[in-house]
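# Structural overview
In case you want the letters, here they are:
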Amino acid sequence: MRGLFAFLLGLSIFLPHSLSFARDLEAQTELVSAEGVRALQVAMPEFERAGLDLSKYRVEILRFDSTLAVLFIDAAVSPEEARQVRGSPGKIPAFGVEMSRDDFQVIRAYFQR
């Protein structure tokens, strides 16, 4: 009986913590499609060529009918704020790379102010 009590006590202590940990992991999960990963791989050399610091940016991938756009936006700006502004919403200029969706060939890379 003591063994069962000890087991239930241990379970009652461990289970809420493990469930809390699972919720924390879920909250930090970001889903990225294979197409999005490939687009980011193509965009990174253009971003690095511009001499920018990735730690200052948040990345968004936009899908259109025949093109993809990888946008690097000031990380200090929330996604909601960014959608309310035309142009670059932050203190640092946004950077974008547009590419063909068929073959991932870069169409243009540009700063957005």
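Keep in mind the model is a prediction, meaning the values are calculated, not measured.

This brings us to the environment of Arg108. Relative to the assigned elements, Arg108 resides in strand β4 (residues 106–112). Given the relative accessible area of 44%, Arg108 is considered partly exposed. Separated by 39 residues in the primary sequence, Arg108 and Ala69 have C-alpha atoms spaced 9.6 Å apart. Once residues lying within four places of it in the same chain are set aside, the contact partners of Arg108 are Gly96, Val97 and Glu98.

What follows concerns the sheet that holds strand β2 (residues 67–74). Spatial strand order, β1-β2-β3-β4: four strands in an open sheet with antiparallel pairing. The strands lining the two open edges of the sheet, one partner per strand, are β1 (57–63) and β4. Here the average twist between neighbouring strands, direction ignored, is 15°. Relative to the sheet, helix α2 (residues 34–49) contacts β1, β2, β3 (94–100) and β4, its axis offset from that of β2 by approximately 60°.

The next thing to look at is the pairing of β1. In terms of strand pairing, β1 meets β2 through seven bridges, oriented antiparallel. Looking across to β2, one finds that Ile61 is bridged to Val70. Linking β1 back to β2 in an antiparallel pair, the connection comprises three residues.

This part takes up the packing of aromatic side chains. Note on aromatic pairs: each is described by the distance of the centres and the angle between the planes. Applying the stated rule across the entire model yields five aromatic pairs. For the pair Phe72 and Phe95, a centre-to-centre distance of 6.4 Å together with 45° between the ring planes defines the contact as tilted. Taken together, the residues span a long stretch of sequence, with Phe72 in strand β2 and Phe95 in strand β3 at a distance of 23 residues. The same class applies to Phe72 and to Phe95, which are both buried. Among the aromatic residues, ring-to-ring pairing joins Phe47, Tyr57, Phe72, Phe95 and Phe111 into one connected group. Here the guanidinium or amino end of Arg38 rests over the ring plane of Phe104, the centre of that ring lying 5.7 Å away. Looking at Arg108, its charged tip hangs above the ring of Tyr110, at a distance of 4.3 Å from the centre.

What counts and how
Residues numbered from 1 in each chain as written. Predicted model: local features only at pLDDT ≥ 70, side-chain atom pairs only at ≥ 80, totals over all residues. Heavy atoms only, no water. Helix = DSSP H or I, 4+ residues; strand = E, 2+ residues; numbered from the N terminus. Buried < 20%, exposed > 50% of the residue type's maximum accessible area, 1.4 Å probe, protein only. Contact = heavy atoms within 4.5 Å. Pairing = 2+ DSSP bridges. Axes fitted to C-alpha atoms, helices over the stretch in contact; angles between N-to-C directions. Phe/Tyr/Trp six-rings, centres within 6.5 Å; stacked < 30°, edge-to-face > 60°. Lys NZ or Arg CZ within 6 Å of the ring centre and 35° of its normal.

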